[in-house]
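Below, each chain spelled out in residue letters.
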Amino acid sequence: MTKIAEIKEESPSLNLTVKIVTVREREYENDKGKGTYYFGIIGDETGTIPFTAWVFPPTVRQNDVVELRNCSVKAYNERLRVYVNSRSEVVLRPNDTMEVLRTYVEYKVKNLTTRDQYVAVSGIISGIQERKYSKDGKEGIVYNGFFRDETGTVRLSSFGVKLKEGLKAKISGARVQEYRGRIRISVNENSVITPVEFPEPQIPLYRITELANGISGIEISGICVLVGERSGLIMRCPECRRRVEGDRCEEHPGETPVKDLYAYFTLEDGTSTIQVSAGKDAMKGYTGLDVEELDYTPEERQSVSEKVMEKFLGKPVLLLGESVMSGQGLNFRALEVHPVDKNVISRVESLMKREVN
Amino acid sequence: MIPGETRRREPSMWIFSRELKETTFVEESTDERVRPFVITPLGTRVKRILFVGNITSISSEESNTKAVISDAVGSFYVNASNREFSILQKEKLDSYSQGNLVTVMGRVSSLRTEQGGLYFTIFPEKIYEADENTRLFWTIMTSSSAERKIMAIKEASKLEKPEALSLVKLGYTREEAECALRSVKHYPGADLAPLIDAISGSTASARVSETVNNAKEQLLAVIRTSEDPKGCRYEDILSAMEGQGVERQTVDEALNLLGTEGEVYEVSLKRFRAI
Ligand SMILES: [Zn+2]
């Protein structure tokens, strides 16, 4: 029998006794027809490893102890993974129990993806707010806030486990999820939070090509090459947030539309391109236009439009905000827009000097 | 177009004029109406570029306007005709004059002469007024992007069987890795040293002219506040500027620039007045 900690390289055949830590199933379809495969994490006293099973007894459940005979180990996505296929044998050991040493791959916030569901991350816990909730007749507290390292920020939530504001911590066993195009993490009673020391992280500045996931608290810079014609002073339905062309939202005719100011533009930095939207606060800071002081008249809309074009079109800017995954790919929501001045230039210069590896 | 595929706008590449000038490879176009991609010595596959530069010469005729626009290491040749699709760009270009800083986004067009030489012209799609910060920002972004490609090319040429993944594992982006592979493929054994030297000096050169441009404003102020009826003496300008920490060489360059731009004229020998 091989122990998981002993698995260091690819192997065509080995035998393991493990506990099923997590297991999920998924349908697949290929030229031979449809089928179901299973994947998740297995573990023993020495560690954990992801697995994929093309053939698996459907009676096997989470927390069961099983013997895997003649399984193989291959690298997938640069990580070793155990494969159970038609040559392998899976034997359920219903009377056995096993303590699993959970090990998690350490991630930087920027690289978090839902492909790896449970991870270890190190960063600062901030913006924590408590909220009581009741579910299935039980009362509990949920803590919501943010988790930030030198590569970005994600939303953090915890059901039950208290989170300490401002704590620099390593969270082992944080769960990664994606919600509305943004990555978020959560902790539960199985996660381990240990205080760690590291220097205060700066807000990271990225080249557009480096953005991959929906994370916040990041900066990008570039030149605005196209500005959406509909940018400017608009009316929005307060319910669905959609732009209203007439007097009322077609779907929510009972709601009174509210004024909003926004810009929609294409930013390029020579490495790639991204669609950006900037809301009223960002617009106020950058253009000086305050939506509260503007009247929704054709003249005012026209002059706002011209001002937006003048401030954005062809101009270099630094944006603070978040990347959001949408159907069309990655977009950027700017919370702050700044002109490129000497300070920005020196930040860009030091970012660019960052060595390859 | 493949059904279901949404048409993506081709993003602009940021490259120096020198990288384009040394390009010898143009992809074959399968469709005559579609302009082919060119592949530069650094492997950049480009059809649309964006650059920030100084208009060093501009000549406007009814049928077209030609401009030479220089970046830190050379010049781009821009041509806007009065045909329907480009008339707006021609008008825009006509509104600028020599010495203006502009940002140009445009399509790269190549022409091969009978002798085999390859010449590139930029057909502008967008022209914006630029300033010193825009130029310095563009220069830094462009030179660092070129430097990363150069490093990737060096790595790729060390590999026995160059593959994008091996370069990505070293920390290069997918695009940089592919540029390196294209460079190795289309410019085998090419001597990139002169291009590399030019690019590595680009930021410094953009900074020098930035210093000069800053000095211009100070210098103009000095000349304007001079009460000498015969014009401000060169020696007085120099001592005022040196008092503000500006070196003599910078003063001379700024003075030349102001002369070319018509902001300042020489009343008599070594005496200056602002317009
Ligand atoms: Zn609505």
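Undergrad: So what's going on with the overall build of chain B? Residues and values would help.
TA: For chain B, the helix and strand inventory stands at nine helices and eleven strands. Out of the 275 residues in chain B, the part that is buried amounts to 45%. Pairs at least 24 apart in sequence give 63% of the contacts found in chain B among residues at least 6 apart. As displayed, chain B has an accessible area near 14,500 Å², and 49% of this comes from carbon and sulfur atoms. Chain B carries 36 positive and 41 negative side-chain charges, and their two centres are separated by 4 Å.

Undergrad: Tell me about the pairing of strand β20 (residues 329-339) of chain A, residues and numbers included.
TA: Residues and elements named next belong to chain A. Both strand β18 (residues 273-278) and β20 contribute to a ladder of four bridges, which runs parallel. Paired with Gln275 across the two strands is Asn331, which belongs to β20. One ladder, built from ten bridges, connects strand β19 (residues 316-326) with β20; its direction is antiparallel. Of the residues in β20, the one forming a bridge with Leu318 is His338. Following β19, the chain reverses through two residues before pairing antiparallel with β20.

Undergrad: Please provide a residue-by-residue account of the domain arrangement of chain A, values included.
TA: Split into domains, chain A comes out as domain 1 (4-92), domain 2 (106-195) and domain 3 (205-353). Each of domain 1 of chain A and domain 3 of chain A has a C-alpha centre, and these two points are 46 Å apart.

Undergrad: Requested: an account of the sheet that holds strand β3 (residues 45-46) of chain B, with residues and values cited.
TA: Across the sheet, which stays open at both edges, the three strands sit in the order β1-β2-β3 (chain B) with antiparallel pairing between neighbours. Strand pairing shows two members of the sheet lacking a second neighbour, β1 (25-26) and β3 of chain B, which therefore form its edges.

Undergrad: An account of the coordination of the zinc ion is requested, with residue identities and associated values reported.
TA: Residues and elements named next belong to chain A. Of the protein atoms, only Cys237 (SG), Cys240 (SG), Cys249 (SG) and His252 (ND1) coordinate the zinc ion, at distances of 2.1 to 2.3 Å. Positions of the donor residues of the zinc ion, expressed as sequence spacing, correspond to C-x2-C-x8-C-x2-H. Given a relative accessible area of 9%, Cys249 falls into the buried group.

Undergrad: So what's going on with the pairing of strand β17 (residues 258-268) of chain A? Residues and values would help.
TA: Residue and element names in this part refer to chain A. Of all the eleven residues making up β17, eight are buried; the element is thus mostly covered by neighbouring parts of the structure. In this sheet, β17 lies alongside strand β15 (residues 218-227) in antiparallel orientation, the contact comprising four bridges. Across the sheet, the residue bridging to Ile223 is Glu268, located in β17. As paired elements, strand β16 (residues 232-236) and β17 share five bridges and run antiparallel to each other. If you follow Gly232 over to β17, its bridge partner there is Tyr262. The loop that links β17 with its antiparallel partner β18 comprises four residues; one of these, Gly270, has a positive phi angle of about 90°.

Undergrad: Let's hear about the sheet that holds strand β11 (residues 271-274) of chain B: which residues, and what values?
TA: Pairing between the strands of a sheet comes from backbone hydrogen bonds, and it takes one of two forms, parallel or antiparallel. Residues and elements named next belong to chain B. Strand order in the open sheet formed by three strands is β9-β11-β10, and the pairing between neighbours is antiparallel. Both outer strands of the open sheet, β9 (232-233) and β10 (264-268), are each paired with one neighbouring strand and no more. Bridging between β9 and β11 involves two bridges; their strand directions are antiparallel. Opposite Arg233, over in β11, you have Arg271 as the bridge partner.

Undergrad: A description of the pattern of salt bridges should follow, citing residues and the corresponding values.
TA: Scanning the entire structure with this criterion turns up 36 salt bridges over all chains. The partner of Glu125(B) in a salt bridge is Arg48(B), with the nearest N and O atoms 2.9 Å apart. Of this pair, Glu125(B) sits in strand β8 (residues 118-129) while Arg48(B) is found in strand β4 (residues 48-60), placing the two residues 77 residues apart along the sequence. Measuring nitrogen to oxygen at the nearest pair gives 3.6 Å for the salt bridge that ties Glu175(B) to Arg182(B). Among the ionic contacts, a cluster of salt bridges with common partners joins Glu67(A), Arg69(A), Glu89(A), Arg93(A) and Asp96(A).

Undergrad: Tell me about the packing of aromatic side chains, and please be specific about residues and values.
TA: Any aromatic ring pair is given by two values, namely how distant the centres are and how the planes are angled relative to each other. If you walk through the whole model with that rule in mind, you get twelve aromatic pairs over all chains. Summarising the aromatic geometry, the rings of Tyr37(A) and Trp54(A) are spaced 5.0 Å apart at their centres and angled 40° between planes, so their arrangement reads as tilted. In this pair, Tyr37(A) sits in strand β2 (residues 33-44) while Trp54(A) sits in the loop between β3 (47-53) and β4 (65-76), placing the two residues 17 residues apart along the sequence. For Tyr37(A), a relative accessible area of 15% corresponds to the buried category. For Trp54(A), a relative accessible area of 40% puts it in the partly exposed group. Judged by centre distance (4.9 Å) and plane angle (35°), the rings of Phe265(A) and Phe312(A) are tilted. Of this pair, Phe265(A) sits in strand β17 while Phe312(A) sits in helix α2 (residues 298-312); the two residues are 47 residues apart in sequence, bridging distant segments of the chain. Here the two residues Phe265(A) and Phe312(A) agree in accessibility, since each one is buried. Aromatic rings pair up to connect Tyr28(A), Tyr37(A), Phe39(A) and Trp54(A) into one cluster. We note Lys74(A) situated over the ring of Tyr83(A); from NZ or CZ to the ring centre the distance is 5.3 Å. The side chain of Lys270(B) reaches across the aromatic face of Tyr234(B), ending 4.3 Å from its centre.

Undergrad: Describe the packing of helix α7 (residues 202-225) of chain B against helix α8 (residues 234-243) of chain B, and please don't skip the residues or the numbers.
TA: Residue and element names in this part refer to chain B. Taken N-terminus to C-terminus, the directions of α7 and α8 make an angle of 130°; their axes are 10 Å apart at the nearest point. The pairing of α7 with α8 is recorded here as oblique in orientation. Between α7 and α8 lies a crossing of right-handed hand. Touching Ala215, Gln218, Leu219, Val222 and Ile223 of α7 are Ile237, Ala240 and Met241, all from α8.

Undergrad: Summarise the side chain of Ser144(B); cite the residues concerned and give the values.
TA: Secondary-structure assignment places Ser144(B) in helix α3 (residues 132-158). Judged by relative accessible area, Ser144(B) falls into the buried class, the value being 6%.

Undergrad: Any chance you could break down the domain arrangement of chain B for me, citing the residues and the numbers?
TA: Considered domain by domain, chain B is made up of domain 1 (17-130), domain 2 (137-201) and domain 3 (204-274). The distance between the C-alpha centroids of domain 1 of chain B and domain 3 of chain B comes to 33 Å.

Undergrad: Would you mind going over the packing of helix α3 (residues 342-353) of chain A against α3(B) in detail, with residue names and values included?
TA: Contact pair α3(A) / α3(B): the axes reach a minimum separation of 10 Å and the direction vectors enclose 5°. Classed by the angle they form, the pair α3(A) and α3(B) counts as roughly parallel. On the side of α3(A), the interface is formed by Lys342(A), Ile345(A), Val348(A), Glu349(A) and Met352(A), while α3(B) contributes Asn133(B), Leu136(B), Phe137(B), Ile140(B), Met141(B) and Ser144(B). Taken together, the residues of the contact of α3(A) with α3(B) break down into seven nonpolar, two polar and two charged.

Undergrad: Would you mind going over the interface of chain B and chain A in detail, with residue names and values included?
TA: On the chain A side, the residues contacting the 30 residues of chain B number 28 residues. Summed over the three residues of chain B that lose the most area to chain A, namely Tyr128(B), Phe137(B) and Met141(B), the buried surface amounts to 22% of that side. Counting across the interface, chain B meets chain A through seven residue pairs in polar contact (both at pLDDT 80 or more). Listing elements by their share of the side of chain B that touches chain A, those giving two or more residues are β4, β7 (101-112), β8, α3 and α7 of chain B. Of the residues forming the side of chain B that touches chain A, the biggest block, nine residues, is contributed by α3(B). Partitioning the side of chain B that touches chain A into residue classes produces 13 nonpolar, eight polar and nine charged.

So, how was this worked out
- Residues numbered from 1 in each chain as written.
- Chains lettered and ligands numbered in written order.
- Predicted model: local features only at pLDDT ≥ 70, side-chain atom pairs only at ≥ 80, totals over all residues.
- Heavy atoms only, no water.
- Helix = DSSP H or I, 4+ residues; strand = E, 2+ residues; numbered from the N terminus.
- Buried < 20%, exposed > 50% of the residue type's maximum accessible area, 1.4 Å probe, protein only.
- Contact = heavy atoms within 4.5 Å.
- Areas by Shrake-Rupley, 256 points an atom, 1.4 Å probe, with all protein chains shown as cover.
- Lys, Arg positive; Asp, Glu negative; His and termini not counted.
- Charge placed at Lys NZ, Arg CZ, Asp CG, Glu CD.
- Pairing = 2+ DSSP bridges.
- Domains from an automatic or database assignment.
- Donors = N, O, S within 2.8 Å, 3.2 Å for Na, K, Ca; no water.
- Salt bridge = Lys/Arg side-chain N within 4 Å of Asp/Glu carboxyl O.
- Phe/Tyr/Trp six-rings, centres within 6.5 Å; stacked < 30°, edge-to-face > 60°.
- Lys NZ or Arg CZ within 6 Å of the ring centre and 35° of its normal.
- Axes fitted to C-alpha atoms, helices over the stretch in contact; angles between N-to-C directions.
- Parallel < 35°, antiparallel > 145°, perpendicular 65-115°, else oblique.
- Left-handed = near helix turned anticlockwise from the far one by under 90°.
- Nonpolar A, V, L, I, M, F, W, Y, C, P; charged D, E, K, R; others polar.
- Buried area = accessible area lost by both parts, 1.4 Å probe.
- Polar contact = N/O pair within 3.5 Å; in protein donor to acceptor, adjacent residues only side chain to side chain.

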